[in-house]
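Here is what each chain is made of, one letter per residue.
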Amino acid sequence: MTVTVSARNDGDEPAPCSWPAPVACQRQAGATSAERDADSAACHLQIKAASHVTVNEALIPTGTEPVTGIYDLNDGPTLEGRAFDDAWVDVERAADGTTTTTFTRPDGIEVKIIGDETINAWQCYTATGAPFAEHPYGIAVEPMTAPANAFRSGDHLTVIEPGKSVTTVVRYEVTVK
């Protein structure tokens, strides 16, 4: 599946823009939060990036840090012991400019999300530890043109000049291993 999003600036001033393309990659089983957390923990996630976005108590980005420890997803580890509502930047690019994240479920279903050169960040939300009433059925993995708060920070913010447009293409590939 391929999703193409285009924005055109028909105004007279430059227009800043940023958007995510969210996708839930895992339908979690379980009648309790603990069962859903265990289901998530067995999944693997590979986000090839050099930096993790740091945040304050309100989850507002405050900067970046090199990926280490639980935030290093470059080799596709399991999500065991990893509770995320986090973003990664300085993404690895293929020769064609794309960036790819791979999510693999324990049953062998693999979801590759391939973003074009406009994708500059990846966001992941696991809901690990969330109360059952707030615990979604799934793990969200979002290719983003810019991390949260980009309209204030300017980090990776796209500016569309008057009369111009910008297009983002994200491709989803699902296979069974």
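Just so it is clear, the model here is predicted, and its values are computed rather than measured.

Attention now moves to the pattern of salt bridges. When charged atoms on two side chains of opposite charge get close, those side chains can pair. All told, the structure shown has five salt bridges when counted by the stated rule. Linking R105 and D107 is a salt bridge whose minimum nitrogen-to-oxygen distance equals 2.4 Å. A salt bridge links K177 to E110; the nearest nitrogen and oxygen atoms lie 3.7 Å apart. Of the two residues, K177 sits in the segment after β13 (165-176) while E110 sits in strand β9 (residues 109-115), which places them 67 residues apart along the sequence. Taking the relative accessible area as the measure of exposure, E110 reaches 11% and is therefore buried.

So, about helix α1 (residues 33-41). An α-helical turn contains 3.6 residues, so any two residues separated by three or four positions project in the same direction. Of the positions making up α1, those classed as buried are S33, R36, D37, S40 and A41. Projected onto a plane normal to the axis of α1, the buried residues spread over an arc of 140° and lie on a single side.

Attention shifts here to the nonpolar core. One finds L45, I47, L79, W88, F103, I113 and W122 to be the most contacted residues of the largest nonpolar core, which totals 21 residues. Counting residues per element, the ones that place at least two in this core are β4 (44-47), β7 (85-91), β9, β10 (121-125) and β13. With residues near it in sequence (within four places) discarded, L45 still touches L73, G76, P77, L79, T101, T102, F103, C124 and V141. The next biggest cluster of nonpolar side chains, apart from the first, holds five residues, and it includes V53, V89, A121 and M144.

This part takes up the pairing of strand β5 (residues 49-55). Most of β5 is tucked away, with five of its seven residues classed as buried. Of the pairings in the sheet, the one linking β5 to β7 comprises three bridges and is antiparallel in character. Counterpart to A49 in the pairing with β7 is V91. Direction of pairing for β5 relative to strand β6 (residues 61-66): antiparallel, over a ladder of five bridges. Considered in β6, the bridge of V55 is made with P61.

Turning to the sheet that holds β9, a few remarks are in order. With antiparallel pairing, the five strands of this open sheet are ordered in space as β1-β13-β9-β8-β4. Edge positions in the sheet fall to β1 (2-8) and β4, since each of these pairs with one other strand and no more. In this sheet, neighbouring strand axes are inclined to one another by 15° on average, regardless of whether the strands run parallel or antiparallel. Across seven bridges, the pairing between β1 and β13 is antiparallel. Bridged to T4 within β13 is V169.

Now for empty space enclosed by the protein. In total, this model carries one cavity of 30 Å³ or more according to the counting rule given. In this structure, the largest cavity occupies an estimated 40 Å³ of space. Every residue along the wall of the largest cavity is listed here: V3, V5, W19, A21, I119, T168 and V170. Those elements giving two or more residues to the lining of the largest cavity turn out to be β1 and β13. In the lining of the largest cavity, the residues fall into six nonpolar, one polar and no charged.

Conventions adopted
Residues numbered from 1 in each chain as written. Predicted model: local features only at pLDDT ≥ 70, side-chain atom pairs only at ≥ 80, totals over all residues. Heavy atoms only, no water. Salt bridge = Lys/Arg side-chain N within 4 Å of Asp/Glu carboxyl O. Helix = DSSP H or I, 4+ residues; strand = E, 2+ residues; numbered from the N terminus. Buried < 20%, exposed > 50% of the residue type's maximum accessible area, 1.4 Å probe, protein only. Arc of directions from axis to C-beta. Core = buried A, V, L, I, M, F, W, Y, C linked by side-chain atoms within 4.5 Å. Contact = heavy atoms within 4.5 Å. Pairing = 2+ DSSP bridges. Axes fitted to C-alpha atoms, helices over the stretch in contact; angles between N-to-C directions. 1 Å grid on protein atoms, 1.4 Å probe; cavity = no way out; pocket = protein on both sides within 12 Å on 5 of 7 lines; lining within 4 Å. Points joined across faces, edges and corners; volume = space filled by probe spheres on them. Nonpolar A, V, L, I, M, F, W, Y, C, P; charged D, E, K, R; others polar.

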